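The primary structure of each chain is shown beneath.
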Amino acid sequence: MKKTILLFVLLCTAFFSRADQLHALTQAQAEKAVGYLKKEPIVILWCSCCDNETPKKITVNEVFYKKYPDGKYYSVVLKGRDESGKEVEESLDLAYVFVKKGKKAKSLGKVLKFECDPCTQPFEWSI
């Protein structure tokens with residue numbers, strides 16, 4: 001019974017550890033991401049590892065980073081509008097921010113060569 005419980009806990013930990021991969025960043029990572037996103041007019045936000053999550057195309061108005069309360073890590077914040085015109089402000093996990101590279105949408109975390117698993121292969125930008 002103990003082995004079954006331990007196996008269940010380990011499997012849950014492995015699954016849920018994918019949800020926040022590139023949210024807490026070093027200052028250098030945050031600066032690199034902000035610099036890249038400032039050149040992108042539109043991004044797709046999609047936690048492809050999450051159940052019932054659908055991709056959202058966001059027009060970028062502003063992007064910046066801010067320090068976590070612990071003072072050690074940083075997060076990237078995006079302000080923009082979704083396709084219906086609704087204002088959006090989100091603290092980003094770079095594994096689930098997709099940018100246009102050619103005709104494909106690719107994970108910003110992968111584009112910046114940060115270690116992550118976006119849980120999907122690059123896909124057609126046209127969604």
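Along each chain, numbering runs from 1 in the same order as the chain's sequence is written. In keeping with the model being predicted, local features are shown solely for residues with a pLDDT of at least 70 and side-chain atom pairs are shown and tallied solely at 80 or more, while totals for entire chains, interfaces and linings include all residues. Side-chain numbers come from the whole structure's heavy atoms, not from hydrogens or water.

A. Quick look at the environment of K100. A run of DSSP states H or I qualifies as a helix once it reaches four residues; a run of E qualifies as a strand once it reaches two. Both are numbered from the N-terminal end. Along the polypeptide, K100 turns up in strand β5 (residues 97-101). Between the C-alpha atom of K100 and that of P41, which follows or precedes it by 59 residues, the distance is 9.7 Å. Setting aside its immediate chain neighbours within four residues, K100 contacts E40 and W125. The contact rule is simple, with two residues in contact once any of their heavy atoms fall within 4.5 Å.

B. Here's a closer look at the nonpolar core. In this text, buried Ala, Val, Leu, Ile, Met, Phe, Trp, Tyr and Cys residues form a nonpolar core when linked through side-chain atoms within 4.5 Å. Each residue's exposure class comes from its accessible area (1.4 Å probe, protein chains only) as a fraction of the maximum for that residue type: buried when under 20%, exposed when over 50%, partly exposed otherwise. One finds L37, V43, V76, L92, L94, V97 and L108 to be the most contacted residues of the largest nonpolar core, which totals 28 residues. Of all the secondary structure elements, the ones that give two or more residues to this core are α2 (27-37), β1 (42-45), β2 (56-67), β3 (74-82), β4 (87-92) and β5. It is α2 that provides the largest number of residues to this core, a total of 5 residues. Apart from residues lying up to four places away in sequence, L37 is in contact with V43, V60, V63, V76, L92, V97, V99 and L108. I44, F98, F123 and W125 belong to the second largest nonpolar core, which has 6 residues in total.

C. Representation of α2. Turning to α2, its buried residues number three or more, namely A30, A33, V34, Y36 and L37. Seen from one end, α2 has its buried residues packed into an arc of 160 degrees, which puts them on one side. Looking at the buried residues of α2, the elements they touch are β1, β2, β3, β4, β5 and α3 (108-111). For this quantity, the arc is that covered by the directions from the helix axis to the C-beta atoms.

D. The packing of aromatic side chains, seen in detail. Pairs were defined over the aromatic rings of Phe, Tyr and Trp, the Trp ring being its six-membered one, requiring ring centres within 6.5 Å. Orientation was assigned from the angle between planes: stacked under 30 degrees, edge-to-face over 60, tilted for the rest. Within this structure, the stated rule accounts for 4 aromatic pairs. With a centroid separation of 5.5 Å and 85 degrees between ring planes, the pair formed by W46 and F123 is classed as edge-to-face. Within this pair, whereas W46 is found in the loop between β1 and β2, its partner F123 is found in strand β7 (residues 123-124), the two being separated by 77 residues in sequence. With a relative accessible area of 19%, W46 lands in the buried category. Grouping aromatic residues by their ring pairs yields a cluster made of W46, F98 and F123.

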